[in-house]
Each structure stands twice: as structure tokens, then as C-alpha cells.
Amino acid sequence: MILGLPFSMKGQTDCDLLLTVNNKDQQITIDRQTHWTHSAGVGGGRIVVRVAEKDNSIDTLFMNPVGCSQYEIRMTPDSVKLAVYTTISPYWDEDCCLEDAPMPKTSDFELKFNLDITPGKIRGRICYYPEIKLRGLDDSYLATLPQTASAWYDKPLEQTDVPTIVAWLFQRGYVMEQIETAIHQYGLSYNERAKDDNYGEQCEKKHINTIVKTFSTILPYLDMELREAELVELAHTLTKIWERDSNLQRKINSMKYTK
């Protein structure tokens, strides 16, 4: 949807907040007389937030990682608060549909992106709740996970294991720098072992690399107050990761169907 803000942000420049969900746009006018309004929704694909100014320039402030997402908007006459609840998933957008499954609750997502927009200032924050990712997992499975940050470099893992291991390392008390180093080293180690012999293995490699790069991008920003320049940098990096993922998937698909 497109959300129009009736006040000035980014200095004295009037601008709009554009919220695009699943490539569908809808314009919402904020009534200054309304104390607050609230809306929420679900997106099977990406949620992108951009700021458009009167000079037609646009900055992307947010792009959620791969996976299903839910968003929540709270509006007052002089502010907008946007929360996006999401998870890092190894699947394509079209695989992350909710039609055949109960709609997840916001408490089911381990990542929460907050944007707080007031006249002249935009701030953001990324919150991570690893305990949600580990909820309900069997002790027998948890026992197979690495006990140290360096213990998973040379292990052949399923794509779904990577987000779980990142959450596991957080729960075991490893500091951010250790986890960042571990996931980077795992990506290098994985690519040395990975094969591209068939369609399935190429997709697996693509998925894992996308997950590793997404985590590597997000982890340094956790639990910090993010200014507009940092939000733009983060969003642009996530956009490049997603574009590379999409382009590579099209290439893999074309190889599959031309053989």
C-alpha cells in the first residue's frame, strides 16, 4: 500500500511513505483529526518501504528478508510507527503462502523491524528473538547443533538449519562479533564443498548463500537506533541480495528447462 504522510520529514521536504506489499499499492490518507488508526496485514512475499520526495527522488528505507511477513501500522497526526514481523526463510516468495495454513501470529516471527517516522526524522530498529526460532524443537535435534561458534564450518547442513544455528549461538551467549565471523566462515566453507550437479543442489546452494548473506547484513544492526542513512544502506544491501537471488534462480530454471 502507499501511505501518504501529511507532514514534513527529512528536513523541510514534504514526502510520502510508500509501503508496497506483494507489488500491490493502495493509497491511505491520514486524517489529522483522528487520534490514531491501526491496520495490520500479511504478505506472502516482500514488504518494501520507500520515501519519495517532491523532487521525485526515492530512497528505500526497508526491505524485509526472504520469507512470510506481517506488518502493523499505527498513525497519529504527527507520526507513523511501522512494525514488520518476519523470518529468514530458505524458500521463494511464492512458496511462502498462507492459504493452506493458519495465519501465523506476530509472536511466531523472530525478527521485528521498527520504523518510527516523525516530522524531520526517521529512525529504525531491528529486534531479534532467537528463542522463538528454537521454540518447540526436540532436545534430540538441539543436541546435534554445534556447541561452539566454530564447530559448524565443515558440517553438511540443510538450508533450514542455518537460521536455527544462528539462533542457537545467540542462546548460548556468543557475542555478535563471534556469530558474524562464524556465519561468514561457514559461508566460505559451504561454498568450497557445494556441488552444482543438478537443479536441486544448485537451488540448495542458492538458498544457503542467500540466508548467510542476509544474516551477515542484518546482524551488525541488531538492537541499535538506526538513522536514515543507516536504514538506506541496510535496505540497499538487502535489495542487492534479493536481486541476485532472483536472477540466479531464473538462470537455474533456464538451465533446468533447456536440458
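Above this text you will find the structure in question.
The structure contained in this document is the topic of the report that follows.

About the criteria used
Residues numbered from 1 in each chain as written. Predicted model: local features only at pLDDT ≥ 70, side-chain atom pairs only at ≥ 80, totals over all residues. Heavy atoms only, no water. Buried < 20%, exposed > 50% of the residue type's maximum accessible area, 1.4 Å probe, protein only. Helix = DSSP H or I, 4+ residues; strand = E, 2+ residues; numbered from the N terminus. Contact = heavy atoms within 4.5 Å. Salt bridge = Lys/Arg side-chain N within 4 Å of Asp/Glu carboxyl O. Phe/Tyr/Trp six-rings, centres within 6.5 Å; stacked < 30°, edge-to-face > 60°. Core = buried A, V, L, I, M, F, W, Y, C linked by side-chain atoms within 4.5 Å. Pairing = 2+ DSSP bridges. Axes fitted to C-alpha atoms, helices over the stretch in contact; angles between N-to-C directions. Parallel < 35°, antiparallel > 145°, perpendicular 65-115°, else oblique. Left-handed = near helix turned anticlockwise from the far one by under 90°.

## As for helix H3 (residues 161-171)
- Judged by how many residues are buried, H3 sits mostly within the fold: 10 of 11 residues are covered.
- Asp-161, Val-162, Pro-163, Thr-164, Ile-165, Val-166, Ala-167, Trp-168, Leu-169 and Phe-170 are the residues of H3 that are buried.
- Along its buried surface, H3 packs onto strand E11 (121-128), helix H1 (130-134), helix H2 (139-142), helix H4 (176-193) and helix H5 (199-218).
- Two residues or fewer after H3 comes Gly-173, characterised by a positive phi angle close to 95°.

## Here we look at the pattern of salt bridges
- Evaluation of the coordinates by the stated rule reveals 5 salt bridges.
- The salt bridge involving Arg-123 is made with Glu-225; its shortest N-O contact spans 3.7 Å. Of this pair, Arg-123 sits in strand E11 while Glu-225 is found in the loop between H5 and helix H6 (228-258), placing the two residues 102 residues apart along the sequence.

## A closer look at the packing of aromatic side chains
- Per the stated rule, a full pass over the model turns up 3 aromatic pairs.
- Each ring, one from Tyr-186 and one from Tyr-190, has its centre 6.1 Å from the other, and the planes form 35°; the classification is tilted. Of this pair, Tyr-186 and Tyr-190 are both found in helix H4, 4 residues apart, which corresponds to roughly one turn of the helix.
- In textbook terms, an aromatic cluster arises when at least three aromatic residues are bridged by ring pairs, as seen for Trp-152, Tyr-186 and Tyr-190.

## What about the nonpolar core?
- The biggest cluster of nonpolar side chains holds 53 residues, and the ones touching the most others in it are Ile-126, Tyr-128 and Phe-215.
- The element contributing the most residues to this core is H3, with 7 residues.
- Look past the residues within four positions of Phe-215 in its chain and what remains in contact with it is Ile-88, Tyr-128, Pro-163, Val-166, Ile-183 and Pro-220.

## Regarding the pairing of strand E10 (residues 111-118)
- Side chains of E10 alternate between two faces, with Leu-111, Phe-113, Leu-115 and Ile-117 buried and Lys-112, Asn-114, Asp-116 and Thr-118 left unburied.
- Two elements, strand E9 (residues 79-86) and E10, share 7 bridges in a ladder whose sense is antiparallel. Note that in E10 the partner of Val-84 across the bridge is Phe-113.
- As paired strands, E10 and E11 are joined by 8 bridges and run antiparallel to one another. Each bridged residue has a counterpart across the sheet, and for Asn-114 the counterpart in E11 is Arg-125.

## A closer look at the environment of Leu-145
- Its place among the elements puts Leu-145 in the loop between H2 and H3.
- Not counting residues up to four positions away in its chain, the partners in contact with Leu-145 are Thr-164, Ile-165 and Trp-168.

## Considering the packing of H3 against H4
- Where H3 contacts H4, the axes come no closer than 10 Å and their chain directions differ by 155°. Classified by the interaxial angle, the pair formed by H3 and H4 is roughly antiparallel. Here H3 and H4 pass one another in a crossing that is right-handed. Across the interface between the two elements, Val-162, Val-166, Leu-169 and Phe-170 of H3 pack against Met-176, Ile-179, Ala-182, Ile-183 and Tyr-186 of H4.

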